[in-house]
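# Chains, contacts and geometry: an overview
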Amino acid sequence: MTPPPRTAVLFRTHFWDDFARRQFDRLLARAEGTDVFVLVDETNGPVAGIEHDRVLRVTEAGLLQMGFARAGEGSLLWFNGDYPLYRFLQLHPDYDYVLQLEYDVQVGQPLIELVQRASAERVDYVGLTKGEPVPEWFWLDSMVQAYAVSDVRHQLICLSLFSAAALHHLWQVRLEHASAWRAGTLTAWPFCEGFIPTQLAAGGYTCRELSDFGSTNAYDHWPPFLEGDPAGVAGEDFVHPVLDEKRFVASMHKYHVGLGGFLNPASQFHRKLRRLPPRRYASVLLSSFAQKARRTLSDAARGLRPGAQQALTAGKG
């Protein structure tokens, strides 16, 4: 009998509190047969309280010492979400597969089953294509120097699986791009959600959709799902984002909601919030509406395209 592929599962976070611990415990229940690591971004300072025997702590400065470029918009390790994967591979080169998932992902199936199937079918990478078509993708401009538009793909990588060979390939190309960036011959830096699927397809690696391995109806950038609330996620294999009450309310008010969403009681925005008693979010709702109105007017005055500011701040909550 062929032994299962040696698999590392990386639980990615930049904080540790009761919610992170609960999410981590949920992951452990689905990760039998794998080695689970906490991969924590400590760029903004040490993260205490993680009681686990496998913890990889990374910072922007430490990753830049590996030769990567300080490039992209917003947070470096949000725009370049692949950078920490190369540090993991450098320290732990003996794994066949690396599966990463963000702290706000919830899974409903044993992860080793996904990996075993991917290994049997010689799959190198699993992500999920979801959202606007490539010509309308917000970050397309980041890709057009390094790749032909016709070759560009973009995928969610909140939960993604990589063979060791695929990660080595991406690592090498990022270093090549970094050299070109420093030389000034590359001036548009590929966003990770485009770089990963586009480069692996171009390199001839076998890429599959996460939806081939389970249900992804409740898996997207937004809107969030309230922790412990089964509405909309019952029977789903992959759910994102799942947030505790405080982060759920903050996310509902921070992203993707135009003035129409605030004003229409039947909007998805209000339907989601009604999962909670109004007293839990009324004050945030009022202040957020005022901020949204001011920002809308300000963006219009400056000629910014809709969503420009929230695209830059995504992933920092």
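Preceding this paragraph is the structure being described.
The present account deals with the structure reproduced in this document. Keep in mind the model is a prediction, meaning the values are calculated, not measured. (Residues numbered from 1 in each chain as written. Predicted model: local features only at pLDDT ≥ 70, side-chain atom pairs only at ≥ 80, totals over all residues. Heavy atoms only, no water.)

## A word on the environment of Val98
- Within the secondary structure, Val98 is located in strand β4 (residues 97-102).
- When its relative accessible area of 2% is taken as the criterion, Val98 is described as buried.
- Separated by 69 residues in the primary sequence, Val98 and Leu167 place their C-alpha atoms 8.6 Å from one another.
- If sequence neighbours within four positions are ignored, Val98 has contacts with Ala8, Leu10, Phe88, Ser160, Leu161, Phe162 and Leu167. (Helix = DSSP H or I, 4+ residues; strand = E, 2+ residues; numbered from the N terminus. Buried < 20%, exposed > 50% of the residue type's maximum accessible area, 1.4 Å probe, protein only. Contact = heavy atoms within 4.5 Å.)

## Looking at the nonpolar core
- Ranked by size, the top nonpolar core spans 47 residues in total, and within it Tyr83 and Tyr86 carry the most contacts.
- In terms of residues, this core owes the most to one element, helix α6 (residues 164-183), which gives six residues.
- Counting 42 residues, the second-largest nonpolar core is a separate cluster that includes Val9, Phe15, Val47 and Ile112. (Core = buried A, V, L, I, M, F, W, Y, C linked by side-chain atoms within 4.5 Å.)

## Examining helix α1 (residues 18-29)
- With twelve residues, α1 extends 17 Å between its outermost C-alpha atoms, agreeing within 8% with the 16 Å of an ideal straight helix rising 1.5 Å per residue.
- Burial in α1 covers these residues: Phe19, Ala20, Gln23, Phe24 and Leu27. Summarising the axial view, the buried residues of α1 lie within an arc of 135°, below the 170-degree limit, and thus occupy one face.
- Where α1 begins, the side chain of Asp17 points an oxygen toward the backbone nitrogen of Phe19, at a separation of 3.1 Å. (Expected span 1.5 Å × (residues − 1). Arc of directions from axis to C-beta. Polar contact = N/O pair within 3.5 Å; in protein donor to acceptor, adjacent residues only side chain to side chain.)

## Comments concerning the pairing of β4
- Extensive coverage of β4 is indicated by the burial of five of its six residues.
- Here strand β1 (residues 7-13) runs beside β4; their pairing, made up of six bridges, is parallel. Bridge pairing in β4 places Phe11 opposite Leu101. (Pairing = 2+ DSSP bridges.)

## Things to note about the sheet that holds β4
- Ordered in space as β3-β2-β1-β4-β7-β6-β8, the seven strands form an open sheet in which the pairing is mixed. At either end of the open sheet lies a strand with only one pairing partner, and these are β3 (55-58) and β8 (207-209). Between one strand axis and the next, the sheet turns by 20° as a mean value, whatever way the strands run.
- Strand direction decides the pairing type here: strand β2 (residues 35-41) and β3, joined by four bridges, are parallel. Across the sheet, the residue bridging to Val40 is Arg57, located in β3.
- Sheet strands touched by α6: β4 and β7 (156-163). Its angle to β7, the strand with the most contacts, is close to 110°. (Axes fitted to C-alpha atoms, helices over the stretch in contact; angles between N-to-C directions.)

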